[in-house]
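Breakdown of the fold
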Amino acid sequence: MRLICLKKVCKKKVTAPFVNKKYIQKSGCHLFCLFLVFLLSACQKLEPMDKTQKHPKELSNNNLPNVTPNRLINEKSPYLLQHADNPVDWYPWGEEAFAKAKKENKPIFLSIGYSTCHWCHVMEHESFENKDIAAKMNEYFVSIKVDREERPDIDNIYMTAVQTMTGSGGWPLTVLLTPDKKPFFGGTYFSPVAKWGQPGLMDIMESVHAAWEKDPQQFLESSQSLTNALKERTQQNVKREGENVLLGEDVLTKSYFQYQDSYDSTFGGFGHSPKFPTSHNLSFLLRYWKRTGSSEALDMVEHTLKKMAEGGMYDHLGGGFHRYSTDHEWQVPHFEKMLYDQAILARTYLEAYQITKNEFYAGIAREIFDYVLRDMQYKDGGFFSAEDADSYDPDDAQATIKKEGAFYVWRDEEIITILGEDAAAIFNYHFGVEPSGNAHSDPHAEFTGKNIIYIEKNLEQTAEHFQMSLADTRARIKESKQKLFEVRNKRPRPYLDDKILVDWNGLMISSLAFGSKVLQDPKYSQAAEKAAQFIEKHLITKDDHLKHRYRDGDGSIEGMIEDYAFFIHGLLDLYETTFEVNYLKQALRLATNMIDLFWDEENGGFYFTADGAEELLFRSKEIYDGAVPSGNSFAALDLVRLYHLTLDDQWKSKFDALFQAFAKEIEARPSVYAQMMMALDFHFGPSQEIVIAGDPQDQMTKDMVNKIYEFFLPNKVLILRPADTTAAKAIIEISPYVEHQGPLGGPTAYVCENFMCKLPVKDVHQLEKLF
C-alpha cells in the first residue's frame, strides 16, 4: 500500500504516542495507522493557521428562523430531534444513507452521542450549527446521527473501533466510514479549527476529502484491514482460550487487591479525576467484606459513599447524583443525571445501610428514590432516561446558549437575599459558599462567581461554630434547603430525555423493589410494579420478545442483551418483594428467550444483539462493567438466581459455560468486571435459599419477610409458599423443593444454605438467630 499523501500535506515528523501501536503492529493495518497518525499528530502544531481558514468566531451560524428541518425531524430520539434544525444534511442510521454514500462514492461521517451529553452540545453549537462546516460536510460526506442510548449496539461497535485506534473513547463519538460501514478514522470531540494540540474538524474534513478524491481504494483496503482485526479480536474463540483457566474464589481476592491498589484513601473512590461513581465496584466490596470479614473493604466503601454524598456530585437540594466528578474530590461534577446511576447508587447505599444501620445511607437512598419519582417518572409508568447538564443561565433572561450546571449553581448574594443573612451564614458555612465562588477546578471558567453546593463543614462543626444544638442546626439547614429548592424550581430546567429504556428501567425496578423492603416504604414497590407493568404492556411482544425503547407512543428497536438481563433482574427482585408469581413466570419466559436469541452455542456467552437482528460489522460480546454493568454480567447473576430458585440444571449449565467462556479475560483483570464478580460470589457461595410458608396477609409472615431484609444477604433467594394448597401450586411448579416446606401450624421460615436446610422456625426472634 502507498502512503496517503502525508508528506505533501504536512511536512512534519509523524508520531502519535496515543495510538495503540501494539494493535497496529499485530493487525498489520499500516496504512490506516499512518493516516490516523497524520490527522491527530502531525497536524496538531499547524502554525500559523492557514490564512484562508476562518477563526471559529468568524464562521457563520445558522441561528435563523427559516431553517428547513433535515430528515431527523421524523425520528423519535430526543438526541436526533435536537439536531433536526442543523444545516447539516443528517440522515438517521439506515439503508437510505448507505445507498446514497455508495451511489455518490462518498465516505460517511458518523456522529454518535446522546441528548444530555455536554460536549455533544458543544460540538453541535460550534460545528453542526455552523453553515460553513455544514456545507463542507454536505459536500464531502454522507452524515449520519446515532443516539447511543437508542442504538447501543452501533455505539458498541464503533466505540470499540475508536478505542482500538486511539486507546480512548467517549462522546460525542466521531467516526469516518467507507460506504460499506467500515471505519478508517475516529475520535471524540473536535473543535471547528485546530485547538489544544489537536486538528480541527475543518482540517480533518479537507484532508480526508483530498485523499479520498485521489485514491479511495486505499481507504477501502485499510478499513477492511481494521475491520478484520476487530472481528478477530471480538469473535475469537474465547472458550478455547479460557479452557485452561478454572475460576476459583481466589479471583475475588485478586479483584479486591486491585481495588485496594487504586483506592484514594483521602477522598474515596478509585484512581484520579475524573471520578465516576460506578458503585457496583462498591457493592462487590461489600460482598467481599461479607465473605472475608475484611474491615478494610468495608472502610473503603463507607468512606467513598460518604465523600460522594458530601460532594458537589450529589444534589443536596433535590436529591440524586450527577454523572461524574471532574475533580478527584467529588466537588465539581458534570451535571447531567442518568437514571442508571440513580438505580445502581441507591442499591449500594441500601446495602451499606443493611450492614451498618447508619441512617445516613438510608437517607441518601430515600432522596435518590424521591428525586426519581418526582422528576423522572412517566405518568403511565416507566422512568425517563436522563436530565441534561446544561440549561439557560437564570441570571440572563435573554440567554440563547445553555451553560453547564446553570440550574444548580448559586451566587453568594443570591442565597443571602433568599434566606436572610442569619440563615445564609449557617447555610454558607456548612456548604462552603464563597462570595467569589467555590469551584476548586474550573478549567473552562464556567463557574466564575458561582457556588456548587457541597458539604464543606459537617453538621457537628457547623453547630459548634454557631453555638447551636445539632437538632437546631439540622432544622435550620433543612429549612434553608427547602427554600432554595423552591426558588430553583422556578429556573429554566435542564432538558429531560423522556425516552423509556427497558434496560435502565430494569435497574430502577430492581432497586425500588429492594428499597421498598429495606426502607419499609410501599410506595417504592408500587412505582416498581407500575414500571414493570408499563413495559409488559408496551415493550414485550406476544412471543415474549423485548423491545428496547418507548417514546411518544412508539415502542420499537429490537431488544438487546442488556434489556433482557436487566429487566429479568428487576422482575426477580419484584417477585422477592411482592411475591406475585407472575413476575417470576415472566422472568423465566424472558430468560428462556434470552438464551434462544443471544447465546453463542459454539463458544459460550451472550452476544450483544439477537439472532436475526440488523447485521452490523460483527456480532460483539461485552463483559466490561463500566458506568453501566454489562449484559453478560447481569445475565450470569440472573442465571445463578434462577438456578437457586428452581434447582433446574439448565440454568446452571449456562452460567457454568458463561463463566468458562470468559475465564481467561476475567482472571487477567477481575476488578473491571465488578458485576461479574458478584455473580461469581453468589455462585461460589455460601448461598441461602429462604422459604417463608404462610398466609401472605398474616402479620407474622410479613414480619418474617421484613426481618430478612434487615440483614445484608446478597446471595439469597426468597420464596413465599402460600399456606393455601391451591395458591401454592403456582410456586411449587416453579420451585418443586418448596412442596414439602409448608406452614407448621402457622407461618414458618425455612433457611437453607447451599440447599442444606436448618430446622424450621416459627417466630421472628428464632429467625434472626439464623443470620
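Values in this document were obtained by computation on a predicted structure and should not be read as measured data.

With that out of the way, let us pick up the state of the cysteines. A full pass over the atoms with the stated rule returns two disulfides. The disulfide bridge from cysteine 117 ends at cysteine 120, spanning 2.4 Å between sulfur atoms. Its torsion about the S-S bond being 80°, the disulfide of cysteine 117 and cysteine 120 is classed as right-handed. The pair formed by cysteine 117 and cysteine 120 is uniform in burial state, with each residue classed as buried. Two residues, cysteine 752 and cysteine 757, share a disulfide whose sulfurs are 1.9 Å apart. Judged by the sign of its S-S torsion, about 85°, the bond between cysteine 752 and cysteine 757 is right-handed. Its relative accessible area of 3% is what places cysteine 752 among the buried residues. Indicated for the chain is the disulfide connectivity 1-2, 3-4, based on numbering the bonded cysteines in sequence order.

Position of asparagine 86 relative to the elements: it lies in the loop between helix H4 (78–82) and strand S1 (91–92). Judged by its relative accessible area of 3%, asparagine 86 is buried.

On average, residues of the chain carry a pLDDT of 90, and 90% of them reach 70 or more. The low-confidence segment residues 1–64 (pLDDT under 50) makes 112 contacts with residues lying over four places distant or belonging to another chain.

It is worth spelling out the packing of aromatic side chains at this point. This structure, assessed with the given rule, holds 45 aromatic pairs. Look at phenylalanine 360 and tyrosine 361: their rings are 5.7 Å apart centre to centre, the planes differ by 70°, and that puts the pair in the edge-to-face class. Relative accessible area serves as the criterion here: at 0%, tyrosine 361 is assigned to the buried category. Taking 4.9 Å as the distance between ring centres and 70° as the angle between the ring planes, the aromatic pair formed by phenylalanine 566 and phenylalanine 634 counts as edge-to-face. Here the residue phenylalanine 566 occupies a position in helix H23 (residues 561–578), and phenylalanine 634 occupies one in helix H25 (residues 631–646), the gap between them amounting to 68 residues. Using a relative accessible area of 0% as the deciding quantity, one classes phenylalanine 566 as buried. The exposure class assigned to phenylalanine 634 is buried, which follows from its relative accessible area of 5%. Taken together, the ring pairs connect Tyr256, Phe257, Tyr259, Tyr263, Phe270, Phe284 and Tyr288 into an aromatic cluster. In this structure, lysine 621 packs its charged tip against the face of tyrosine 607, placed 5.2 Å from the ring centre.

Each value, and the rule that gives it
Here the residue index of a chain counts from 1 through its sequence in written order. Local features in a predicted model are, by the rule used here, given only for residues with pLDDT of at least 70; side-chain atom pairs are given and counted only at 80 or more, and totals for whole chains, interfaces and linings are based on all residues. Heavy atoms from the whole structure form the basis of all side-chain values; hydrogens and water molecules are not counted. We call a pair of cysteine sulfur atoms a disulfide whenever their separation is within 2.5 Å. Only protein chains enter the accessibility calculation, which uses a 1.4 Å probe; a residue whose area is less than 20% of its type maximum is buried, one above 50% is exposed, and one in between is partly exposed. In DSSP terms, a helix is any run of H or I states spanning at least four residues, a strand is any run of E spanning at least two, and both are numbered starting from the N terminus. The predictor reports its confidence for every residue as pLDDT, a score running from 0 up to 100. A contact between two residues is defined here by any heavy atoms of the two lying within 4.5 Å. Side-chain rings of Phe, Tyr and Trp, where Trp is taken by its six-membered ring, are said to pair if the distance between their centres is within 6.5 Å; with planes under 30 degrees apart they count as stacked, over 60 as edge-to-face, and otherwise as tilted. Whether a charge sits over a ring depends on NZ of Lys or CZ of Arg being within 6 Å of the ring centre and within 35 degrees of the ring normal.

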